[in-house]
Amino acid sequence: MKGQIELGDVTPHNIKQLKKFNQVIFPVIGELAKLAYFNDIAVGTVCCRVDHSQNQKRLYIMTLGCFEPYRRLRIGTKMLNYVLNISEKDGTFDNIYLHVRMSNESAIDFYRKFGFEIIETKKNYYRRIEPADTHVLQKNLEVPSGQSADTQKTDN
């Protein structure tokens, strides 16, 4: 299937679509959100939030996904590149992380291609999803040149 892929801003006019996507694909909404369009049809969503934990500034990918008929069309790549570009432009994030079900090998492989690594496994993480275990995947980001990690963290 070939077509034009675009990312569009979430606006008052399409916020209901975003909420519907999250109800169907994921049960949450984030601070940094985009809808993915394929030939002007909304087919996916990415939602992130800034997380200040472990003495770090982290970007947490809450949700990233698209409807099954539109998978393998590089839509996920476009959405993940959006997230990577946010972190690069900001320049102050220590890392990007997310949870992926242990059984979702294709998603784990997808994120590994972008430099994410499994840093932790949590048993019984999900309450309403089987299997309930999850991996935490993380991509560490480089500190901008000329700035030490300690300086970066105290500037936040």
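Reading the values: the criteria
- Residues numbered from 1 in each chain as written.
- Predicted model: local features only at pLDDT ≥ 70, side-chain atom pairs only at ≥ 80, totals over all residues.
- Heavy atoms only, no water.
- Pairing = 2+ DSSP bridges.
- Helix = DSSP H or I, 4+ residues; strand = E, 2+ residues; numbered from the N terminus.
- Axes fitted to C-alpha atoms, helices over the stretch in contact; angles between N-to-C directions.
- Phe/Tyr/Trp six-rings, centres within 6.5 Å; stacked < 30°, edge-to-face > 60°.
- Buried < 20%, exposed > 50% of the residue type's maximum accessible area, 1.4 Å probe, protein only.
- Lys NZ or Arg CZ within 6 Å of the ring centre and 35° of its normal.
- pLDDT = per-residue confidence, 0-100.
- Contact = heavy atoms within 4.5 Å.
- Core = buried A, V, L, I, M, F, W, Y, C linked by side-chain atoms within 4.5 Å.
- Expected span 1.5 Å × (residues − 1).

Q: Any chance you could explain the sheet that holds strand E2 (residues 32–38) here in plain terms?
A: In spatial order, the strands read E1-E2-E3-E4-E5-E7-E6; together these seven strands make up an open sheet with mixed pairing. Each edge of the sheet is formed by a strand with only one pairing partner; in this case those strands are strand E1 (5–9) and strand E6 (117–122). Averaged over all adjacent pairs, the angle separating strand axes in this sheet is 30°, with direction ignored. Sheet topology note: the E6/strand E7 (residues 134–140) ladder contains five bridges and is antiparallel.

Q: Which parts of the structure should I look at to understand the packing of aromatic side chains?
A: Aromatic ring pairs are described here by two measures, namely the spacing of the ring centres and the angle between the planes. Scanning the entire structure with this criterion turns up six aromatic pairs. Ring centres 4.9 Å apart and planes at 85° place the aromatic pair tyrosine 125 and tyrosine 126 in the edge-to-face group. Residue classification places tyrosine 125 among the partly exposed residues on the basis of a relative accessible area of 33%. Through successive ring pairs, a cluster of aromatic residues spans Phe110, Tyr111, Phe114 and Phe116. Stacked on the ring of tyrosine 97, the Lys or Arg arginine 58 has its end atom at 3.7 Å from the ring centre.

Q: Would you mind going over the confidence of the model for the protein with me for this structure?
A: On average, residues of the protein score 86 in pLDDT, and 86% of them reach the 70 mark or higher. Across residues 148–156 the pLDDT falls below 50, and counting only partners more than four positions away or on other chains, this stretch makes 15 contacts in the model.

Q: Please clarify how the nonpolar core should be interpreted in this entry.
A: Where a protein is soluble and globular, its nonpolar side chains tend to be buried together. Membership of the largest hydrophobic core comes to 27 residues, with the highest contact counts inside it found for Ile61, Ile75, Leu80, Val83, Tyr111 and Phe116. Those elements that provide at least two residues to this core are E2, strand E3 (41–53), strand E4 (56–66), helix H2 (75–90), strand E5 (95–101) and helix H3 (105–113). When residues in this core are grouped by element, the largest group, six residues, is from H2. Contacts of isoleucine 75, omitting those with residues within four sequence positions, involve Ile5, Ala36, Phe38, Val43, Cys66 and Tyr70. Core analysis: the second largest hydrophobic core is formed by seven residues, Leu18, Ala33, Leu35 and Tyr37 among them.

Q: Looking at this structure, how should I read the environment of leucine 73?
A: Considering the arrangement of structural elements, one finds leucine 73 in the loop between E4 and H2. Overall, the relative accessible area of 15% leaves leucine 73 in the buried class. Not counting chain neighbours up to four residues away, the residues in contact with leucine 73 comprise Met1, Ile5 and Phe38.

Q: Help me out: how do you make sense of H2 in this one?
A: The periodicity of an α-helix, 3.6 residues per turn, causes residues three or four positions apart to be oriented the same way. In this model H2 runs 23 Å from its N-terminal to its C-terminal C-alpha over 16 residues, within 8% of the 22 Å that 1.5 Å per residue would give. For H2, the full list of buried residues reads Ile75, Gly76, Thr77, Met79, Leu80, Val83, Leu84, Ile86 and Ser87. Of the residues flanking the end of H2, it is glycine 91, one or two places downstream, whose phi is positive at about 75°.

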